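One letter stands for each residue in the lines below.
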Number of protein chains: 2
Amino acid sequence: MTPTLKGPDLDDVKTAQQIIKKYANRTPIFTSKSVDKRASANIFFKCENFQKVGAFKFRGACNAVFSLSEEEARKGVATHSSGNHAQAVALAAKIRGIPAYVVMPENAPKVKVKAVKGYRAKVTFCESTLEARETTLEEVVQKTGATFIHPYDDARVIAGQGTAAIELLEDKPDLDLIITPVGGGGLLSGTSISAKAIKPNIKVIGAEPEMADDAYRSFKAGRLIPVKDPNTVADGLRTSLGQLPFSIITNNVDDIATVSEDSIIESMRFIWERMNMIIEASCAVPVAAVFDKKIEIDGKKVGIIITGGNVDLDNLPW
Amino acid sequence: MTPTLKGPDLDDVKTAQQIIKKYANRTPIFTSKSVDKRASANIFFKCENFQKVGAFKFRGACNAVFSLSEEEARKGVATHSSGNHAQAVALAAKIRGIPAYVVMPENAPKVKVKAVKGYRAKVTFCESTLEARETTLEEVVQKTGATFIHPYDDARVIAGQGTAAIELLEDKPDLDLIITPVGGGGLLSGTSISAKAIKPNIKVIGAEPEMADDAYRSFKAGRLIPVKDPNTVADGLRTSLGQLPFSIITNNVDDIATVSEDSIIESMRFIWERMNMIIEASCAVPVAAVFDKKIEIDGKKVGIIITGGNVDLDNLPW
């Protein structure tokens, strides 16, 4: 038996939607004839690469930051991340006018450090182990009284991520299924909460790199099986599935598909070339899953959440 | 005195809008806080990189192809181009169900040949001189009876290109000025016709690479001064200004600004990184002009037409 943790419900996601709509972009839905032809289906891309900070992560961070009481907020927020979540927390805190403390590994790419500092977050560097990050974060929280905002194992964050699916279904109510990438599981769990509550017969499916298939294995085994140092090009999906997302995904998600590294890179380039938009490797994981027929979608209407577009242009994977 | 040639008027552009709306995308308008901050103005990007074939050229080609009589259409259409116009003509012809003949230099990039053939156009190769292209095209037209669709020196094409500015002003009626790149002049002249007729006090300005500044020099001199083999990274702007566009631009456009190659490349990368969309070097020319303060826009509302996103990902300019 999987323990059922208290996750958000559709009302929480709708509350999040009200909270963040002043600050987050309502992102567009794009389609492509070339994609549809290759996938033998109608694909609707919810383009979170055009979200604030260039990623869906702003939704969850924004909801978490603006859900704090005045007293909590005054002391600020903290997180450890070298990715989009750090930027998302930093921007949300800047908008609310409160401090943000971000713990980053000392070998974090300079461009990411610069981006976080650009949103006026206070950066504390640490060694690049998970242990060092957690210890340093604990110290920062102790010292400042800031609230830790976890990138995915947090009900407010999950509720925020679920808002993308609400918008997607408002614009395209006749979808047969929705596919998202799965890393920590915040987006997939939030999506499943919204989509299944709004449209009980819709399918919600996760897509994951074969090289970081802990969500797939956990889902099949019915217990959390973490992954160790996965070496996938989809850097946003290297994290292991969180406890709360796992609990929600187990109850709500229909399946998880996995794809090869070559297929991720080829699908990423296909989207760049045919749709003229920049997507991260992580976003190409669901695209690869449909191109490789890992998910049964023939003739169906399929929503795919494009999670972000923050790519190092000096290190493209092709 | 500049001779006044018969160009399209707002009614012609509105007719074009009716003709193409079934086939062309109504492209979105994107904004960016980073861009606005750097430009000290509010910039609204009309994103023709998300147009069919990835470029505004589809508007003009589509209008020209669908303006033909049944009898003309039956014999097909022809053009010589190695760029977006060839793809645009090929797709428009495919949609109308008529033949397209495209003359391309034998050294044209394989990817462009493949794209044109993908739209079922019949490709005839020739030597890579302008003379060879024109002679070969003449032969094709003689043999087939196809109608030549010039990429910019054509009133129907110019009317089609003018539809982007109508949409832009429908969505953002309070613009103070509109900037477009200028190569052959089809987009700039079409834009000036729409914008000045809809809003007489709006400014319309062209932006051009210093390395291919024939439109700038022609505009200042009041006579057409062609450019020879310009070596600019903005490959879409290497063509010389056409007669009809020049005549319209002389009467309708407020100014033309020029920018350096370095500035074009840096501005192109800035848009890729901050807006997560793929734009051609040509599109970065107006962006460079506002970043470099070559155009007075402080505090103003500025429309910029992003012309296309067809880029060779294996040959990025940085």
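Since the model is a prediction, treat every value here as computed from it, not as a measurement. (Residues numbered from 1 in each chain as written. Chains lettered and ligands numbered in written order. Predicted model: local features only at pLDDT ≥ 70, side-chain atom pairs only at ≥ 80, totals over all residues. Heavy atoms only, no water.)

### Considerations on the overall build of chain A
Helix and strand counts for chain A come out as 14 helices and ten strands. Radius of gyration (C-alpha) of chain A: 18 Å, near the 20 Å computed for a compact globule of 318 residues. Along the longest, intermediate and shortest principal axes, the C-alpha atoms of chain A span 55 × 40 × 40 Å. The proportion of buried residues among the 318 residues of chain A is 61%. Sequence separation of at least 24 residues holds for 73% of the intrachain contacts in chain A that already meet a minimum separation of 6. Of the accessible surface of chain A, which amounts to about 13000 Å², a share of 47% is contributed by carbon and sulfur atoms. Each charge class in chain A was averaged separately, 40 positive and 39 negative side chains, and the resulting centres sit 5 Å apart. (Helix = DSSP H or I, 4+ residues; strand = E, 2+ residues; numbered from the N terminus. Rg over C-alpha atoms; globule rule 2.2 N^0.38 Å. Buried < 20%, exposed > 50% of the residue type's maximum accessible area, 1.4 Å probe, protein only. Contact = heavy atoms within 4.5 Å. Areas by Shrake-Rupley, 256 points an atom, 1.4 Å probe, with all protein chains shown as cover. Lys, Arg positive; Asp, Glu negative; His and termini not counted. Charge placed at Lys NZ, Arg CZ, Asp CG, Glu CD.)

### Remarks on the pattern of salt bridges
Within this structure, the stated rule accounts for 28 salt bridges over all chains. For Arg269 of chain A, the salt bridge identified is with Glu273 of chain A, shortest N-O distance 3.0 Å. Of the two residues, Arg269 of chain A and Glu273 of chain A both sit in helix H13 (residues 261-275), four residues apart, roughly one turn of that helix. The partly exposed category is assigned to Glu273 of chain A, whose relative accessible area is 36%. Here Glu266 of chain B ties to Arg38 of chain B by a salt bridge, and the two come within 2.9 Å at their closest N and O atoms. With Glu266 of chain B in helix H13 (residues 261-275) and Arg38 of chain B in helix H2 (residues 33-39), this residue pair connects regions lying 228 residues apart in the sequence. Beyond isolated ion pairs, a larger network of salt bridges with shared partners links Lys46, Glu48, Arg59 and Glu167 of chain A. (Salt bridge = Lys/Arg side-chain N within 4 Å of Asp/Glu carboxyl O.)

### Points about the pairing of strand E8 (residues 203-209) of chain A
Residue and element names in this part refer to chain A. The element E8 is largely enclosed, with a buried count of six among its seven residues. Two elements, strand E7 (residues 177-181) and E8, share five bridges in a ladder whose sense is parallel. Residue pairing for E8: Ile178 is matched across the bridge by Val204. The handedness of the E7 to E8 crossover, carried by helix H10 (residues 186-198), is right-handed. Looking at chain direction, E8 and strand E9 (residues 255-259) are connected through five bridges and run parallel. Its bridge partner lying in E9, Ala207 is registered against Ala257. (Pairing = 2+ DSSP bridges. Right-handed = clockwise from strand over helix to strand, strands pointing away.)

### Topic: the sheet that holds strand E2 (residues 42-47) of chain B
Residue and element names in this part refer to chain B. The six strands are arranged E1-E2-E10-E7-E8-E9 in an open sheet whose pairing can be described as mixed. The strands lining the two open edges of the sheet, one partner per strand, are strand E1 (29-30) and strand E9 (255-259). Taken strand by strand, helix H9 (residues 163-171) contacts E1, E2, strand E7 (177-181) and strand E10 (301-306), and its axis lies near 145° from that of E10. Packed on one face of the sheet, helix H14 (residues 284-291) meets E2, E7, strand E8 (203-209), E9 and E10 and runs near 105° to E8. (Axes fitted to C-alpha atoms, helices over the stretch in contact; angles between N-to-C directions.)

### So, the interface of chain A and chain B
Taken together, the contact pairs 20 residues of chain A with 20 residues of chain B. Buried surface at the junction of chain A and chain B, summed over both partners, amounts to about 1500 Å²; 56% is from carbon and sulfur atoms. It is Asn276, Ile278 and Leu313 of chain A that lose the most area in chain A upon contact with chain B, and together they represent 39% of the buried surface on that side. At the junction of chain A with chain B, the criterion picks out two salt bridges. Inspection of the region where chain A meets chain B yields eight residue pairs in polar contact (both at pLDDT 80 or more). (Buried area = accessible area lost by both parts, 1.4 Å probe. Polar contact = N/O pair within 3.5 Å; in protein donor to acceptor, adjacent residues only side chain to side chain.)

### Regarding the sheet that holds strand E2 (residues 42-47) of chain A
All names here are of chain A. One open sheet accounts for six strands, arranged E1-E2-E10-E7-E8-E9; its pairing is mixed. Because the sheet does not close on itself, it has two edges, and the strands there are strand E1 (29-30) and E9. Against the sheet, helix H9 (residues 163-171) makes contact with E1, E2, E7 and strand E10 (301-306), and its axis sits at roughly 145° relative to E10, the strand it touches most.

### Some words on the relation of the copies chain A and chain B
With an RMSD of 0.0 Å, the operation that places chain A on chain B is a rotation of 180° combined with a shift of 0.0 Å along the axis. The superposition of one copy onto the other is thereby described by a two-fold rotation axis. When C-alpha distances to the rotation axis are compared across chain A, the minimum falls at Met277 of chain A, with a value of 2.2 Å. Here 100% of the interface residues in chain A have copies in chain B that are interface residues too; the copies meet face to matching face. (Least-squares fit on C-alpha atoms with pLDDT ≥ 70 in both.)

### A short note on the pairing of strand E4 (residues 100-105) of chain A
Residues and elements named next belong to chain A. The element E4 is extensively covered by neighbouring structure, given that six of its six residues are classed as buried. Residues Ala100, Val102 and Met104 line one face of E4 and the alternating positions Tyr101, Val103 and Pro105 line the opposite face, and both faces are buried. Here E4 runs beside strand E5 (residues 122-126); their pairing, made up of five bridges, is parallel. Bridge pairing in E5 links Tyr101 to Lys122. The β-α-β motif built from E4, the intervening helix H6 (residues 110-118) and the parallel element E5 has right-handed crossover chirality.

### Some thoughts on the environment of Ile305 of chain B
All names here are of chain B. With respect to the helices and strands, the residue Ile305 is situated in strand E10. Here Ile305 falls in the buried class, since its relative accessible area comes to 0%. C-alpha separation for the pair Ile305 and Ala159, spaced 146 residues apart in sequence, amounts to 16 Å. Excluding anything up to four places from it in sequence, Ile305 contacts Lys46, Glu48, Ala164, Ala165, Leu168, Ile178, Ile179, Thr180, Pro181, Leu187 and Thr191.

### Some details on the side chain of Glu261 of chain B
Residue and element names in this part refer to chain B. One can find Glu261 in helix H13. There is no salt bridge for the buried Glu261, and the closest opposite charge comes from Arg238, which lies 7.1 Å off by N-O distance. Setting aside anything within four residues of it in sequence, one finds Glu261 in contact with Pro209, Met211, Asn231, Thr232 and Val233.

### Some words on helix H5 (residues 84-96) of chain A
Residue and element names in this part refer to chain A. Between its first and last C-alpha, H5 extends 18 Å over 13 residues, near the 18 Å set by a 1.5 Å rise per residue. Of all 13 residues in H5, eleven are buried; the element is thus mostly enclosed. Restricting attention to buried positions, one finds in H5 the residues Asn84, His85, Ala86, Gln87, Ala88, Val89, Ala90, Leu91, Ala92, Ala93 and Arg96. Residues of H5 that are buried in the fold lie against helix H3 (57-67), helix H4 (70-74), strand E3 (77-80), E4 and H6. (Expected span 1.5 Å × (residues − 1).)

### Things to note about the packing of aromatic side chains
Geometrically, a pair of aromatic rings is defined through the distance of the ring centres and the angle of the planes. Inspection of the entire model under this criterion finds 13 aromatic pairs over all chains. Seen from their ring centres, Trp272 of chain A and Trp272 of chain B are 6.1 Å apart, and the 70° between their planes marks the pair as edge-to-face. Placement of Trp272 of chain A in helix H13 and of Trp272 of chain B in helix H13 is noted, with the two residues assigned to different chains. The buried category is assigned to Trp272 of chain B, whose relative accessible area is 1%. One cation-aromatic arrangement involves Arg38 of chain B over Phe270 of chain B; the distance from NZ or CZ to the ring centre is 4.8 Å. When the ring centre of Phe291 of chain B is taken as origin, the NZ or CZ atom of Arg38 of chain B, which lies over that ring, is 4.0 Å away. (Phe/Tyr/Trp six-rings, centres within 6.5 Å; stacked < 30°, edge-to-face > 60°. Lys NZ or Arg CZ within 6 Å of the ring centre and 35° of its normal.)

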